[in-house]
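# Residue-level structural notes
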Amino acid sequence: MLAADRVGRWLDGSGPEIGVVVSTRVRLARNLDDVPFGIKARPADQARVVGAVRWVLQEAGYLDSGGFVDDEQLTEERGGFLLERHLVSPDFVKSGLKRGLYVSRDETLSLMVNEEDHIRLQALDSGLNMPAAYEAAAKLDERLEDDLGYAYLPEYGYLTACPTNLGTGMRASVLVHLPGLVLTREIEKVLRGAVSVGLVVRGLYGEGSETRGNFFQVSNQRTLGLSETEILETVTNTTRQIVEHEHKAREYLVEHLRVEVEDKVFRSLALLRSARILSSGEAINLLANVRLGVALGVINELKTEVVNRLLVLVRPENLQAMLGERLKPEERDERRAALVRDTLVQP
Amino acid sequence: MARKCDICGERDATLRVRQVDKAGAADIEICAECAKVRGFTEARKISTSVAEIMAGMKRDVAEGDEAIVCPGCGMTFAEFKRKGRLGCARCYPAFDDKLRPLIRRIQGAVQHVGRAAKAGRRRARDQMALVRLRAELEAAIAAEDYEQAARLRDELGKAEKNARR
């Protein structure tokens, strides 16, 4: 349903603070009132939820601008492909339930049926743009609520399988690129500041994932006892502070270590343009350095969008989907190097 | 340009880690490679408190927890503690006595202040309409506008019936 050679609109390199903030995400967790949650749902219950959600999406016209796939189509390979594109969570890939998935054609909206909650919907946007992401998520959520009775109690809000998501059921997050703070070794201090105002910092793919290429996910921890607006504002304001710290760190680097920074950036670009064997980890780290070079204006010939696109396409499942064949890891490393060389070919 | 890793002494240090042993605590600075080998990542190092609470719950299943059963899905409170996930919407009221302190620890609050569910919003709107109509009726009676009062009384009767529905 998705074109393997294109990436989501939320990676188009537009929007506020794009030099530091790759993207914004708002996720809502919801459950139907009269159906047991994930671990207690029988296969018939699970299928009922998939059917009900699909029906509403159809009625509301969401299927005109996107696609819905059911469990049989969600193979392990497909799951990996979608995970690499940030459209599903690791838990969804191995949920073991009868699942369903909606993804809008531009990949800015997706909805997982039967992750640990019946419904996990998310809206993505480029750069720092909480209001736009929240609006898109809330619009779909309200439409679903018109037809599906959500599990809700006035005192606890929207009920979720895990009490950590209770209340608003909302996780607002940003994906930030912080090479300046890592290089100046200020990163821990700054991230500790985010934690002190109740935010969580995670790696590229969420919970428990490693931080690669100096990309970090920052999101709210608490979901109960705060309004949606308060959560969005806290994440936005803290992100602005992180962005400011990152800019200061980059200014320091350019002022005091210009040659070293340029060397790192241009070496990375040269390697990407010349390597014959490239692992996905190495590619991501080198591309992250190039992204910094573009943001600093050190590299003028490339756009953020091109780097963002490669950051997705170099990952194993996306690479194979784009090439349309299954490859052994060694073959992948060669083909990946070729793809990167071809994309970054000197003008 | 950067300090070298305290473990391998070769690569640049990118992470500061607090090491705690019998001798006390000491901060060391290490590189990403050594961090990976030793099992440190920024993601794991920062903010594990909620994960710790959930893990602690798993270790702390009490005898009485088996006896608390959700009438909706049959889950026991012991099962919730072991799995960390509730079985259905009915589990919340069924486990409330035991669950509430846990929610308070995880969330720092036990009262939802975010958007109300649509059914809840409708109820709230109906209640607001009643309050407004009662105030207008009292004002009409006080002003001895009996025609207006009769009209409002009819309207109020209808609204009360709606709100009960």
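Thresholds, definitions, all that
Residues numbered from 1 in each chain as written. Chains lettered and ligands numbered in written order. Predicted model: local features only at pLDDT ≥ 70, side-chain atom pairs only at ≥ 80, totals over all residues. Heavy atoms only, no water. Helix = DSSP H or I, 4+ residues; strand = E, 2+ residues; numbered from the N terminus. Contact = heavy atoms within 4.5 Å. Buried < 20%, exposed > 50% of the residue type's maximum accessible area, 1.4 Å probe, protein only. Pairing = 2+ DSSP bridges. Expected span 1.5 Å × (residues − 1). Arc of directions from axis to C-beta. Phe/Tyr/Trp six-rings, centres within 6.5 Å; stacked < 30°, edge-to-face > 60°. Lys NZ or Arg CZ within 6 Å of the ring centre and 35° of its normal. Salt bridge = Lys/Arg side-chain N within 4 Å of Asp/Glu carboxyl O. Buried area = accessible area lost by both parts, 1.4 Å probe. Polar contact = N/O pair within 3.5 Å; in protein donor to acceptor, adjacent residues only side chain to side chain. Nonpolar A, V, L, I, M, F, W, Y, C, P; charged D, E, K, R; others polar. Domains from an automatic or database assignment.

What follows is about the overall build of chain B. Helix and strand counts for chain B come out as 8 helices and 2 strands. Overall, chain B shows an N-to-C arrangement of helices and strands of β-β-α-α-α-α-α-α-α-α. A separation of at least 24 residues holds for 27% of the contacts in chain B among residues at least 6 apart in sequence.

On to the overall build of chain A. Check the secondary structure of chain A and you find 12 helices and 10 strands. Based on the C-alpha atoms only, the size of chain A along its principal axes is roughly 65 × 45 × 30 Å. Per-residue burial over chain A gives 59% buried out of 347 residues. Of the contacts formed within chain A by residues at least 6 apart in sequence, a portion of 71% connects residues at least 24 apart.

It is worth spelling out the pairing of strand S4 (residues 109-113) of chain A at this point. All names here are of chain A. In terms of residue burial, S4 counts as a mostly covered element, since 5 of its 5 residues are buried. Burial along S4 is two-sided: Leu-109, Leu-111 and Val-113 and Ser-110 and Met-112, pointing in opposite directions, are all buried. Here strand S3 (residues 100-104) pairs with S4 via 4 bridges, running antiparallel. Of the residues in S4, the one forming a bridge with Leu-101 is Met-112. Connecting S3 to the antiparallel partner S4 that follows it, the hairpin turn spans 4 residues, and Glu-107 within it adopts a positive phi of roughly 65 degrees. Across 5 bridges, the pairing between S4 and strand S5 (residues 119-126) is antiparallel. The residue of S5 that forms the bridge with Ser-110 is Gln-122. The hairpin turn running from S4 into S5, its antiparallel successor, is 5 residues long, and Asn-114 in that turn takes a positive phi close to 65 degrees.

With that settled, consider the environment of Gly72(B). Of note, Gly72(B) is situated in the loop between helix H3 (49-59) and helix H4 (77-83). Gly72(B) has contacts with Cys88(B) and Arg90(B), leaving out every residue within four places of it along the chain.

Quick look at helix H8 (residues 258-274) of chain A now. Residue and element names in this part refer to chain A. In this model H8 runs 24 Å from its N-terminal to its C-terminal C-alpha over 17 residues, within 8% of the 24 Å that 1.5 Å per residue would give. Taken as a whole, H8 has its buried residues at Val-261, Val-265, Ser-268, Leu-269, Leu-272 and Arg-273. Each buried residue of H8 sits inside an arc of 135 degrees when the element is viewed along its axis, so together they form one side. Exposed residues lying more than 90 degrees from the buried face of H8 are Val-259 and Arg-267.

The subject of this paragraph is the packing of aromatic side chains. Using the criterion set out here, one finds 6 aromatic pairs over all chains in the structure. Here the aromatic rings of Tyr62(A) and Tyr102(A) are separated by 6.2 Å at their centres, their planes lie at 90 degrees, and the arrangement is edge-to-face. One end of the pair, Tyr62(A), is in the loop between helix H1 (43-59) and strand S2 (66-70); the other, Tyr102(A), is in strand S3, and 40 residues separate them in sequence. With relative accessibility at 12%, the residue Tyr62(A) sits in the buried group. Ring centres of Phe77(B) and Phe95(B) lie 5.3 Å apart, and the angle between their planes is 65 degrees; this geometry places the pair in the edge-to-face category. Taken together, the residues Phe77(B) in helix H4 and Phe95(B) in the loop between helix H5 (91-94) and helix H6 (96-107) connect sequence positions 18 residues apart. According to the relative accessible area criterion, Phe77(B) is buried, its value standing at 3%. Each residue in the set Tyr150(A), Tyr152(A) and Tyr158(A) is aromatic and connected to the rest through ring pairs, giving one cluster. Taking NZ or CZ as reference, Arg30(A) lies 3.6 Å from the ring centre of Tyr158(A), over its face.

All names here are of chain A. Counted by the stated rule, this structure contains 37 salt bridges over all chains. Ionic pairing is found between Arg-48 and Asp-45, a salt bridge with its closest N-O pair at 4.0 Å. With a gap of 3 residues between them, Arg-48 and Asp-45 both fall in helix H1, about one helical turn apart. With a relative accessible area of 4%, Asp-45 lands in the buried category.

Here the focus is the interface of chain B and chain A. Listed as interface residues are 47 residues of chain B and, on the opposing side, 57 residues of chain A. Summed over both partners, the interface of chain B with chain A comes to about 4,300 Å²; 57% of that surface belongs to carbon and sulfur atoms. When residues of chain B are sorted by the area they lose upon contact with chain A, Tyr92(B), Gln107(B) and Arg115(B) head the list and together hold 18% of the total. Between the two partners, chain B and chain A, sit 7 salt bridges. Linking Arg115(B) and Asp141(A) is a salt bridge whose minimum nitrogen-to-oxygen distance equals 2.8 Å. Our enumeration of links across chain B and chain A arrives at 20 residue pairs in polar contact (both at pLDDT 80 or more). When contributions to the side of chain B that touches chain A are tallied by element, the ones reaching two or more residues are helix H2 (42-45), H3, H4, H5, H6 and helix H7 (118-142) of chain B. Among the residues making up the side of chain B that touches chain A, the classes are represented as 22 nonpolar, 10 polar and 15 charged.

Residues and elements named next belong to chain A. Domain assignment breaks chain A into domain 1 (9-250) and domain 2 (258-339). For domain 1 versus domain 2, the separation of C-alpha centres amounts to 26 Å. Where domain 1 touches domain 2, the interface holds 1 salt bridge. Among the ionic pairs, Arg-326 bridges to Glu-77, the shortest N-O distance being 3.5 Å. The tally of links from domain 1 across to domain 2 stands at 10 residue pairs in polar contact (both at pLDDT 80 or more).

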